[in-house]
Amino acid sequence: MGEKGSLRRLLAKASSPKSGDVLAGTAAAGDEERILAQMELADTPLTRFLDECVVPYEEDEVTRLIIDTHDARAFEPVSGFTVGEFRDWLLSDNADAPALAALAPGLTPEMAAAVSKLMRAQDLVLAASKCVVVTAFRDTVGLPGRFSTRLQPNHPTDDPAGILASTIDGLFYGSGDAVIGINPATDSPENCLRLLHLLDLLITRHDIPTQSCVLTHVTNTLELIRRKAPVDLCFQSIAGTEKANASFGINLALLAESRDAALSLQRGTVGDNVMYFETGQGSALSANAHHGVDQQTLECRAYAVARYFDPFLVNTVVGFIGPEYLYNGKQIIRAGLEDHFCGKLLGLPMGADICYTNHADADQDDMDILLTLLGAAGCTFVMGVPGADDIMLNYQSTSFHDAAYLRKLLHRRPAPEFEAWLEKMGIHNAEGELLPPGDKPQALDMARCGK
Amino acid sequence: MKDTGRQAADPGYGKVREMRDTGRQTADPGKAREAQAVAQDPWSELRRHTDARIALGRCGVSLPVARWLEFRLAHAQARDAVRTFFDREYLIDRLKARGIACLNLASAADDLETFLARPDLGRRLSAASAAALEEYARTHGAEGGVGANVCLVVSNGLSARSIHDNAAPFIDELLPLLDRAGLSVSPAVLVQNGRVAVADEVAYGLRAELSVILVGERPGLSSPNSMGVYMTYAPKPGCTDEARNCISNVRPGGLEYAAAARKLCYLVQSAFACRYSGVRLKDDMPDTGLPSGLSTSGMNRIPGFRVSPACCKN
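In this text, all values refer to a predicted model and were calculated from it rather than measured experimentally. (Residues numbered from 1 in each chain as written. Chains lettered and ligands numbered in written order. Predicted model: local features only at pLDDT ≥ 70, side-chain atom pairs only at ≥ 80, totals over all residues. Heavy atoms only, no water.)

Student: Quick rundown of the overall build of chain A? Include the residues and the values.
Tutor: A count of helical and extended segments in chain A gives 22 helices and twelve strands. Radius of gyration (C-alpha) of chain A: 21 Å, near the 22 Å computed for a compact globule of 451 residues. Pairs at least 24 apart in sequence give 78% of the contacts found in chain A among residues at least 6 apart. Accessible area of chain A: about 14,100 Å², with a carbon and sulfur share of 53%. (Helix = DSSP H or I, 4+ residues; strand = E, 2+ residues; numbered from the N terminus. Rg over C-alpha atoms; globule rule 2.2 N^0.38 Å. Contact = heavy atoms within 4.5 Å. Areas by Shrake-Rupley, 256 points an atom, 1.4 Å probe, with all protein chains shown as cover.)

Have a look at this one:
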């Protein structure tokens, strides 16, 4: 079969409009071509996805991972479906939480991508809301009725007092149950070590049931673990092809080695999910490693990589790279809903960095729409950034206030262990509501941490 | 709400207290109502440690209106920085006044929308500019800066304002250091709507051994004028980001010009010594001589995907 009739091409043409696919030259030329492709995709049997790889098996270790770890028995209940029939089934009452959890290992990322291309926003929200994925380290995220945040206290010079100030601000807004995670401005092992010790001291001294992470390359984290650094979660950005991962300086063996090293520290108290992955549509194209596959399908393939390592958190950084991949608020919103749904369907603890850059045509209204929709979809976690303004990475994400808004609106509560701590500290009441700030002398006491 | 423990240094709190104290006889009952709706965070003294938007207070769980409008204003300024026209004539005048020769070129992205959506076009010169560069290289020799050690490129990137503000004073600091290191420098090549990689084509065309590009970084809310500096040894079209080293956030209030220039000169000399640049170029410059947190780790930050904005997608 030539390229013209290929699954890869069909998926790309059926994909919702994205500037990155236009840049890659894989997008449908117009709306009619896109919808005709979606109709053809709807009639495509799911079994075809097991016979035809979008990136050749021989050339790509991610494809080999997908094929070699596919669980045929789990796939059985949907094996007779076309993609269109699968979409209808997902929205039926037969697709409940246990059925979806049992199915996840039987789905390939390309199947998840395909079905999402036939789904409108409300479908992506409803189907995702039925998926339950629970993971644990020092607290438990993803339980029904819960909504967590990564506290992101970045500082342009990694100043410990500055990072601590933002962390305290977040904690007193109820943020940080997914992780307290710093993007370091400087990647040197010495600097990362300093930051890890800072967060470790804060967490142990105040008995906070959460975990820390310094988002540096896995090779740095491995080195830090060798130096006996207090590493809770091991971070890495991942992508959906071997070549894109190579451009990130990683491969599956390196990720396995890192996970083993993080596990060896045995720092989790209620669970041992130790990996924190970030992804984002467009990363493969930006590494010139997309193999003619559309960016949303490649994003799902990154989830297959994540899934293999039993992660604590997976975060799609949805509007970060800029308008060459997702041009405006509409494309960012659509991508965020797709990523969250596909990740959950594949069995991942999926969160989202709901964000935009100042050269994208997007604003806070777009973020509010995506945040509210993802909240309704049962998103595991979002970012908590002071005032939504990350002064190190120079982009806008969701704020501590935004997360509090969502919890209030949808009656969502933090991870149970963290919730108990918030109550003890007088930050939340027993109903899980944020109390008035009051005096909070503990806040300034915390700022003396490390002094 | 109790007054105990509150910080007199907190201007917001002072305002609230004043309104509460005078609330009954205030001429503007609307103001008093607003003040009562907003709860201040009692840790505002932590603001002295960071420019992050902390201790904003809240009404219910939501952002108070004054904080919200401040945010919108910052976003408006950042958006405007992206859309500001790159005034090359202005910069050329300033550089010529310093005795620096200039070439005036443009990338293949000839309008802002194309530039934003098509980074590939921003990475190469327009046909006319490529021809002009070739002509220059053909008709000039070493005295015209062809075949120099260092090729100096300047582009608006994602913030023309950053280049208008920072390029000339940074070059003032840099050139004496390069001169002292015995390195020759090309004319300053200005490229409209360029991405980082456009410097590969320019430096290759001028047969330089190493390229340095000053480029406007993606503007942040608190820094609409941050400048990035990228260095590539043996530049030629097709070089990848692993081969680059980057210094980010150069601006008053960020990384100061003199420190940035020293750092760059150090990296340039290291690259000439090692005969490569990028991830493999170990940054051994002692931290003690520098403000903490320089983004000098080069493009090995790319794996982080969410890396410093300067360091990958400009």
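So that's the structure; there's more coming.
Student: Give me the lowdown on the pattern of salt bridges, citing residues and values where you can.
Tutor: All names here are of chain A. In the structure shown here, the tally under the stated rule is 33 salt bridges over all chains. The closest approach of N and O atoms between Lys18 and Glu338, which form a salt bridge, is 2.8 Å. With Lys18 in the loop between α1 (7-14) and α2 (19-24) and Glu338 in helix α18 (residues 329-345), this residue pair connects regions lying 320 residues apart in the sequence. The exposure class assigned to Lys18 is buried, which follows from its relative accessible area of 2%. (Salt bridge = Lys/Arg side-chain N within 4 Å of Asp/Glu carboxyl O. Buried < 20%, exposed > 50% of the residue type's maximum accessible area, 1.4 Å probe, protein only.)

Student: I'd like to hear about a nonpolar patch on the surface, residue by residue, with values.
Tutor: Together, A:Ile35, A:Leu36 and A:Met39 give the surface a local cluster of nonpolar side chains, amounting to about 290 Å² of exposed area. Positionally, A:Met39 belongs in helix α3 (residues 31-42). (Patch = residues over 30% accessible without salt bridge, like charges linked within 9 Å, V, L, I, M, F, W, Y side chains within 5 Å.)

Student: Lay out the domain arrangement of chain A with the relevant residues and their values.
Tutor: Residue and element names in this part refer to chain A. Per the domain assignment, the segments making up chain A are domain 1 (3-129) and domain 2 (135-443). Between the C-alpha centres of domain 1 and domain 2 there is a distance of 26 Å. Summed over both partners, the interface of domain 1 with domain 2 comes to about 3,600 Å²; 65% of that surface belongs to carbon and sulfur atoms. Three residues stand out in domain 1 for area buried against domain 2, namely Lys18, Glu61 and Leu65, and they jointly supply 16% of the buried area on that side. On the surface where domain 1 and domain 2 come into contact, there are five salt bridges. Arg64 serves as the salt-bridge partner of Glu242, at 3.9 Å between the closest nitrogen and oxygen. (Domains from an automatic or database assignment. Buried area = accessible area lost by both parts, 1.4 Å probe.)

Student: Tell me about the confidence of the model for chain B, and please be specific about residues and values.
Tutor: Residue and element names in this part refer to chain B. Overall, the predicted model of chain B reaches an average pLDDT of 83, with 78% of residues at or above 70. Note on residues 1-26: pLDDT is under 50 here. Beyond four places in sequence and across chains, it has 30 contacts. Counting contacts from residues 287-314, a segment whose pLDDT is below 50, to residues more than four positions away or on other chains yields 109 contacts. This prediction of the complex comes with two scores: 0.87 for pTM and 0.95 for ipTM. (pLDDT = per-residue confidence, 0-100.)

Student: Mind laying out helix α4 (residues 88-97) of chain B, listing which residues take part and the relevant values?
Tutor: All names here are of chain B. Restricting attention to buried positions, one finds in α4 the residues Arg88, Leu91, Ile92 and Leu95. Buried residues of α4 fall within an arc of 100° about the axis and therefore sit on the same side. Among the exposed residues of α4, those pointing more than 90 degrees away from its buried face are Asp93 and Ala97. In this structure, the buried residues of α4 make contact with β1 (102-106), β2 (150-155), α8 (160-180) and β3 (185-192). (Arc of directions from axis to C-beta.)

Student: How would you explain the interface of chain A and chain B if you had to name every residue and give the values?
Tutor: A common way to state how big an interface is: give the accessible area lost once the parts meet. Contact residues are listed per partner, giving 75 residues for chain A and 63 residues for chain B. For the chain A and chain B pair, buried surface summed over both sides reaches about 5,500 Å², with 57% attributable to carbon and sulfur atoms. By the criterion of area lost to chain B, the three top residues of chain A are A:Asn358, A:His359 and A:Asn394, representing 12% of everything that side buries. A salt bridge links A:Asp389 to B:Arg53, with the nearest nitrogen and oxygen atoms 2.7 Å apart. At the junction of chain A and chain B, the tally comes to 14 residue pairs in polar contact (both at pLDDT 80 or more). Of all elements in the fold, only α11 (160-171), β6 (234-237), β7 (275-279), α16 (283-286), β8 (313-317), β12 (395-396), α20 (400-410) and α22 (441-446) of chain A reach the threshold of two or more residues within the side of chain A that touches chain B. Of all the elements, α11(A) adds the most residues to the side of chain A that touches chain B, at six residues. Here the residues of the side of chain A that touches chain B sort into 37 nonpolar, 25 polar and 13 charged. (Polar contact = N/O pair within 3.5 Å; in protein donor to acceptor, adjacent residues only side chain to side chain. Nonpolar A, V, L, I, M, F, W, Y, C, P; charged D, E, K, R; others polar.)

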